[in-house]
Amino acid sequence: MSQANGQSDETKDGSKWRRRSDVGFRKGFRDGRTRSIYAQPPSTSFGPKACLKKVPQSQIMQVTDPSSQRLQWKTSPLTVLIIKKIMDVTVLPPFIEMATWLIQEKNLVIYVQANVLEDQDLLDHIGYDVIKGKLKTFKECDELSDKIDFIICLGGDGTLLYASSLFQEGSIPPVMAFNLGSLGFLTPFDFQEFKESIESLLQGQVAVTLRSRLKCLVLDSFESNTNGLHQERKLEATKEKDKKKADPNNMRFKCQVLNEAVIDRGPSPYLSNLDLYLDGRIVTTVQGDGLIISTPTGSTAYAAAAGATMLHPNVPAILVTPICPHTLSFRPIVVPAGVELKVVVPEDARHTAWVALDGKNRQELQKGWCVRITTSVFPVASVCRTDQVTDWFDSLVECMHWNTRQRQKDFKKRSLKSNTSTSSVTSSETE
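All figures in this text were calculated on a predicted structure; none of them were measured in a lab.

1. Here we look at the packing of helix H2 (residues 92-104) against helix H5 (residues 194-203)
Between H2 and H5, the least distance of the axes is 11 Å, while the angle of their chain directions is 45°. When the axes of H2 and H5 are compared, the pair comes out oblique. The two elements H2 and H5 meet at a crossing, and its hand is right-handed. Judged by residue contacts, Glu97, Met98, Trp101 and Leu102 of H2 engage Phe194, Lys195, Ile198 and Glu199 from H5. Here the residues of the contact of H2 with H5 sort into 5 nonpolar, no polar and 3 charged.

What follows is the structure, given as structure tokens:
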């Protein structure tokens, strides 16, 4: 690909598409979209006499258009958490360069993982002396919501997932992710432009994509009534300061995930036997290798490999994808983001099941246990390089080569001049 700023890149098949850094794309976004990402509100009248029943104003939810979601600072940011890809020496020079610039030029306080300061390759690096003693660490059990103003990720998609896992009980600071990993679907920024990118972030008014998360509770018993669901929704609607509410007595573990919750058969040779409930009502029994419950962000991860559709992160939805189901008619489905899902291991199952949350915290689910899954009220505010739509399609093309193929050739018609020449040659040969 060419690196010319503001120019189109040309692929091997001759097709052209614009890079994220295209000036026209940035200018078009700053000037504002002409219409909402969401569709216009539907008509509430149906024919000459039918219409929707009016509801009280208190029951009407106001939804912000995602294209207008731009970051704004209440006060100037002072602290930054840098998540660095571990076990990769190629990330050390960028990390030191960025940390030095943030400390010396921007006077920011930098937090890093504790194991970063134990990295012998970093300690032996020639540039480490400049920032030695100026980096702060934290424990994974620490409450960071009130300490960190924003997050910078240096690596691949795993660094963004790790950043999400650090903030389980409250809101997550905005995240700017630089692609220094293998794939980089969730990391749109180039490190070569880190100064300009961070300057824009510090000034505010950058576009952000709110990536929804799933709140997952592992319970050691199951009740099919919906009373708990209504109570939970009332609690979720309370103010953020009341976030430390009581957890269910039968809860064994809880976690908020950015990609997906996977419930599978584990090491068992038998089919997994799982009952799927939606808002307290049984939907189906899953018989196969397992089930993937994912966010729109996770739709391009494990779910995509299992045959699910890929959803834009601004679509309010939850994906339910079976893993190698025993019936060919069991296709992936998409349900509204506001529902509650429960995946239950029935008492008559042949074996237990296992659950993994964003690829970690894997644990066994005994018979009678269930996983309760709802959309979290604390999304990940991912800073956009251009805008919500352009960044996503750029990632599809660059990382997954989405629908990339050689363009079909048109029909080549022989010109009149060519036909005349051919006729002349034929006449000469005849004579």
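2. A closer look at the packing of aromatic side chains
For the coordinates displayed, the defined rule picks out 8 aromatic pairs. When the ring of Phe222 is compared with that of Tyr277, the centres are 4.6 Å apart and the planes differ by 50°; the resulting orientation is tilted. You can see Phe222 sitting in the loop between strand S11 (214-219) and helix H6 (227-236) and its partner Tyr277 sitting in strand S14 (residues 272-278), a full 55 residues away along the chain. Centre to centre, the rings of Trp392 and Phe393 are 5.2 Å apart; their planes meet at 80°, and the pair counts as edge-to-face. For Phe393, a relative accessible area of 35% puts it in the partly exposed group. Through successive ring pairs, a cluster of aromatic residues spans Trp101, Phe178, Phe189, Phe191 and Phe194.

3. A look at the pattern of salt bridges
When the charged atoms of two side chains with opposite charge come close together, those side chains can pair. Applying the stated rule across the entire model yields 12 salt bridges. Linking Arg362 and Asp264 is a salt bridge whose minimum nitrogen-to-oxygen distance equals 2.9 Å. In this pair, Arg362 is assigned in strand S20 (residues 360-365) and Asp264 in strand S13 (residues 260-264), connecting sequence segments 98 residues apart. Exposure remark for Asp264: the relative accessible area of 15% places this residue in the buried category. One salt bridge in this structure joins Asp410 and Lys412, with 3.4 Å as the shortest N-O distance.

4. Concerning the nonpolar core
Judged by nonpolar contacts, the single largest core of 35 residues is most densely connected at Phe95, Leu102, Ile152 and Ile198. Broken down by secondary-structure element, the contributors of at least two residues to this core are strand S5 (79-84), H2, strand S6 (109-113), strand S8 (150-155), strand S9 (175-179) and H5. No other element matches H2, which puts 8 residues into this core. In this view, Leu102 contacts Val80, Ile82, Asn107, Leu108, Ile110, Ile152 and Ile198; residues no more than four positions away in its chain are not counted. Formed by 28 residues, the second largest nonpolar core is a distinct cluster that contains Cys255, Leu341, Leu365 and Ile373.

5. Focus on the environment of Lys215
Positionally, Lys215 belongs in strand S11. Of the residues examined, Lys215 reaches a relative accessible area of 14% and is grouped as buried. Separated by 46 residues in the primary sequence, Lys215 and Ala261 place their C-alpha atoms 9.6 Å from one another.

6. Some thoughts on the side chain of Ser294
Summarising the element assignment, Ser294 is placed in strand S15 (residues 281-294). When near neighbours in sequence (up to four residues on either side) are disregarded, Ser294 contacts Leu214, Asn259, Glu260, Ser299, Ala303, Ile318 and Leu319.

7. A few points about the pairing of S6
Of all 5 residues in S6, 4 are buried; the element is thus mostly enclosed. With 3 bridges connecting them, S5 and S6 associate as parallel partners. Each bridged residue has a counterpart across the sheet, and for Leu81 the counterpart in S6 is Tyr111. What joins S5 to S6 is H2, and the crossover it makes is right-handed. Looking at chain direction, S6 and strand S7 (residues 135-138) are connected through 4 bridges and run parallel. Each bridged residue has a counterpart across the sheet, and for Val112 the counterpart in S7 is Thr137.

Calculation criteria
Residues numbered from 1 in each chain as written. Predicted model: local features only at pLDDT ≥ 70, side-chain atom pairs only at ≥ 80, totals over all residues. Heavy atoms only, no water. Axes fitted to C-alpha atoms, helices over the stretch in contact; angles between N-to-C directions. Helix = DSSP H or I, 4+ residues; strand = E, 2+ residues; numbered from the N terminus. Parallel < 35°, antiparallel > 145°, perpendicular 65-115°, else oblique. Left-handed = near helix turned anticlockwise from the far one by under 90°. Contact = heavy atoms within 4.5 Å. Nonpolar A, V, L, I, M, F, W, Y, C, P; charged D, E, K, R; others polar. Phe/Tyr/Trp six-rings, centres within 6.5 Å; stacked < 30°, edge-to-face > 60°. Buried < 20%, exposed > 50% of the residue type's maximum accessible area, 1.4 Å probe, protein only. Salt bridge = Lys/Arg side-chain N within 4 Å of Asp/Glu carboxyl O. Core = buried A, V, L, I, M, F, W, Y, C linked by side-chain atoms within 4.5 Å. Pairing = 2+ DSSP bridges. Right-handed = clockwise from strand over helix to strand, strands pointing away.

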